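Results of the structural survey
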Amino acid sequence: MGIFSKLFGSKDPVESTTTEDLRVMEIKLNRKIEELQTEVREEENEISKLFEKARASKSKSEELTLARRIKTISQKKEMKTAAQAKLDKELRAVSNILILKEHKADLQAAGVWEKVKKLEPEKLENWLVTQNLEAQDRDSIVSSIIDMTSTAMQIGIEQEDDLEDILSAIRAVREGDLEPDEAEEAVNENKGYRPRNLE
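The rules behind each value
- Residues numbered from 1 in each chain as written.
- Predicted model: local features only at pLDDT ≥ 70, side-chain atom pairs only at ≥ 80, totals over all residues.
- Heavy atoms only, no water.
- Helix = DSSP H or I, 4+ residues; strand = E, 2+ residues; numbered from the N terminus.
- Buried < 20%, exposed > 50% of the residue type's maximum accessible area, 1.4 Å probe, protein only.
- Contact = heavy atoms within 4.5 Å.
- Areas by Shrake-Rupley, 256 points an atom, 1.4 Å probe, with all protein chains shown as cover.
- Salt bridge = Lys/Arg side-chain N within 4 Å of Asp/Glu carboxyl O.
- Core = buried A, V, L, I, M, F, W, Y, C linked by side-chain atoms within 4.5 Å.
- pLDDT = per-residue confidence, 0-100.
- Axes fitted to C-alpha atoms, helices over the stretch in contact; angles between N-to-C directions.
- Parallel < 35°, antiparallel > 145°, perpendicular 65-115°, else oblique.
- Left-handed = near helix turned anticlockwise from the far one by under 90°.
- Nonpolar A, V, L, I, M, F, W, Y, C, P; charged D, E, K, R; others polar.

This next bit is on the overall build of the protein chain. Per the secondary structure count, the protein chain includes 10 helices and zero strands. In sequence order, the protein chain lays out its α and β elements as α-α-α-α-α-α-α-α-α-α. Considering the protein chain as a whole, with its 199 residues, one finds that 39% of them fall into the buried category. Counted over contacts in the protein chain with a minimum sequence separation of 6, partners at least 24 positions apart contribute 79%. Summed over all atoms, the accessible surface of the protein chain reaches about 11700 Å², with 46% contributed by carbon and sulfur.

In structure tokens:
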């Protein structure tokens, strides 16, 4: 079941959790997300500093050592970014369950509450992690939930890293074609660096 089973175990999150429990979960998830964001920013700054250091590197051996350090930090940053993406999905699901519970009377009046309870957990979970119910008014929330009883969406991301791209960026910094913060940005966004004459 994914997010639901992780957060709620085998319980039905819509019926078995209180709004107070959900609010506490929201606070904890927000705190974890903020901590990861701070760590990711620190690692981005560290990568930028290593590119700055690479500007003065005097040998291929030193260059390779710096590239390996940048790759290691980039991989740690990517793992934290992936963890943050999962926490963002969990937070969205928890916030949306809270909104469902807060609008229970409206949903019951619209004849939707029982349909929501009967949905397959996976379908409900997939829908909840793709919605931003907080940004909607009462009528829109009810309409969205009515639509959800027939369709749901899924999202996913993948990231990749390559040492050759980092080495190219280091060489560009050394030759003055790229500033360290630009190199850090290229590595962090997994764009890699392409020399201007190849673009």
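Scanning the model with the defined rule gives seven salt bridges in all. A salt bridge links Arg-171 to Glu-63; its shortest N-O distance comes to 3.1 Å. Here Arg-171, found in helix H9 (residues 163-174), pairs with Glu-63, found in helix H4 (residues 60-102); they are 108 residues apart in sequence, far enough to count as distant. Looking at Arg-171, the relative accessible area reads 31%, which means it is partly exposed.

The subject of this paragraph is the nonpolar core. In terms of nonpolar packing, the biggest core is built from 19 residues, with Leu-22, Leu-100 and Leu-128 touching the most fellow members. Elements with a contribution of two residues or more to this core: helix H3 (19-54), H4, helix H6 (113-118) and helix H7 (121-128). Core analysis: the second largest hydrophobic core is formed by 17 residues, Phe-51, Leu-66, Leu-167 and Ile-170 among them.

When pLDDT is averaged across the protein chain, the result is 75; 68% of the residues are at 70 or more. Looking across the protein chain, the model is least confident in helix H1 (residues 3-8), with a mean pLDDT of 61, and most confident in H3, with 92. In the model, residues 149-161 has pLDDT below 50 throughout and makes 30 contacts with residues more than four positions away in sequence or in other chains. Ignoring residues within four places in sequence, the model shows residues 192-199, a span with pLDDT below 50, making 11 contacts including any to other chains.

With their axes 8 Å apart at the nearest point, H3 and H4 run at an angle of 160 degrees to one another. Looking at the two axes, H3 sits roughly antiparallel to H4. Handedness of the crossing formed by H3 with H4: left-handed. Of the residues belonging to the contact of H3 with H4, the class tally is 19 nonpolar, seven polar and 16 charged.

For any two helices packed against each other, one specifies the crossing angle of their axes together with the interaxial distance. Running from N to C, H3 and helix H10 (residues 180-188) cross one another at 130 degrees; their axes reach a closest spacing of 8 Å. Between H3 and H10, the interaxial angle falls into the category oblique. Considering only the axes of H3 and H10, their crossing is right-handed. The residues of H10 that touch H3, namely those facing Glu-44, Ile-47, Ser-48, Phe-51 and Glu-52, are Pro-180, Asp-181, Ala-183, Glu-184, Val-187 and Asn-188. A per-class count over the contact of H3 with H10 returns five nonpolar, two polar and four charged.

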